[in-house]
Amino acid sequence: MSRLERNWQYAEQYPTETDAQVRARRLSLELGVEPVSRAIAAQLSGLVAATATTAICELGTGVGVSGLALLRYAPEATLTSIEIEAEHLRQARTVFADAGIAQSRLRLIEGDAAQVLPRLNLEAYDLTVIDADPERLLDYFETALQIVRPGGTIVVPNAFAHGRVPDPAARDTVTRNLRDLLATVGDSTAIAPVLSPAGDGLLTVTRLNG
């Protein structure tokens, strides 16, 4: 194992999680829903805390693993989360309730993010997390730039597509979409991108003022 691999492994194992997060992660795996890694969950928690985020939008609720991370250190924050699978959303409601998250802080929407996202208020969110259908990533990102406020942030977990993005031989649609997104944000003067190797990759893009 190389030094970089040891560093990555240590960083993945380092974060602690609440009992509610542990239970949600176990449930997610039981249902075959791939949750964000512990390291990415910790980065989401830290990002919310560091930026004093109060309004969060999430595409892809799953059963609430990332949602619990987003709300972990932000008792005043509210979460709007969109999920197309009714059973996953039902499980998420239970997960949030068991974790003691007040319903007044949650707006859980069952539906297709491609249809719901354009109906959300413009520049209304401090943070938007895109963890939905990766084949629609570019459309999601374009709309997310409109609903996040200037100075706000868009986060894309799984930015390496299970290691395919760095592999020149990988040419599938999802991989191409991620490469296109990375190239676009890398060239833009209106946003500040950061690509982290945490988990399966985490792209963090901040919309600059002006």
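Each value, and the rule that gives it
Residues numbered from 1 in each chain as written. Predicted model: local features only at pLDDT ≥ 70, side-chain atom pairs only at ≥ 80, totals over all residues. Heavy atoms only, no water. Pairing = 2+ DSSP bridges. Helix = DSSP H or I, 4+ residues; strand = E, 2+ residues; numbered from the N terminus. Axes fitted to C-alpha atoms, helices over the stretch in contact; angles between N-to-C directions. Buried < 20%, exposed > 50% of the residue type's maximum accessible area, 1.4 Å probe, protein only. Lys, Arg positive; Asp, Glu negative; His and termini not counted. Salt bridge = Lys/Arg side-chain N within 4 Å of Asp/Glu carboxyl O. Polar contact = N/O pair within 3.5 Å; in protein donor to acceptor, adjacent residues only side chain to side chain. Contact = heavy atoms within 4.5 Å.

Peer 1: Help me understand the sheet that holds strand β2 (residues 78–83) in this model?
Peer 2: Sheet strands pair by backbone hydrogen bonding; their relative direction is either parallel or antiparallel. Pairing within the open sheet is mixed, and its seven strands lie in the order β3-β2-β1-β4-β5-β7-β6. What marks the edges here is a single partner per strand, and that holds for β3 (106–110) and β6 (191–196). Going across the sheet, the axis of each strand differs from the next one's by a mean of 15 degrees, ignoring polarity. Taken together, the five bridges between strand β1 (residues 55–59) and β2 define a ladder with parallel strand orientation. Considered in β2, the bridge of E58 is made with S81.

Peer 1: I tried to follow the side chain of E58 on my own but got confused; where do I start?
Peer 2: Mapped onto the elements of the fold, E58 is located in strand β1. Although E58 is buried, it makes no salt bridge; R25 carries the closest opposite charge, 11 Å away. One polar contact links E58 to S66, side chain to side chain, over a distance of 2.3 Å. Contacts of E58, omitting those with residues within four sequence positions, involve S66, G67, L70, L79, T80, S81, I82 and V129.

Peer 1: Quick question: what am I supposed to make of the pattern of salt bridges here?
Peer 2: As a working rule, side chains carrying opposite charge can pair if their charged atoms are close by. Following the criterion strictly, the structure yields seven salt bridges and no others. Measuring nitrogen to oxygen at the nearest pair gives 3.0 Å for the salt bridge that ties E123 to R207. Here R207 lies in strand β7 (residues 202–207) and E123 lies in the loop between α6 (113–116) and β4 (125–130), a separation of 84 residues in the sequence. The salt bridge involving D126 is made with R149; its shortest N-O contact spans 2.5 Å. Separated by 23 residues along the polypeptide, D126 in strand β4 and R149 in strand β5 (residues 148–157) bring together distant segments of the chain. If you follow the salt bridges from partner to partner, you end up with D112, D133 and R136 in one network.

Peer 1: Help me understand the pairing of β6, please; the structure alone is not making it clear to me.
Peer 2: Summarising the sheet, β6 and β7 pair through six bridges and their orientation is antiparallel. Among the inter-strand pairings, L195 is bridged to a residue of β7, identified as L203. The turn linking β6 back onto β7 is made up of five residues, and G199 within it adopts a positive phi angle of 55 degrees.

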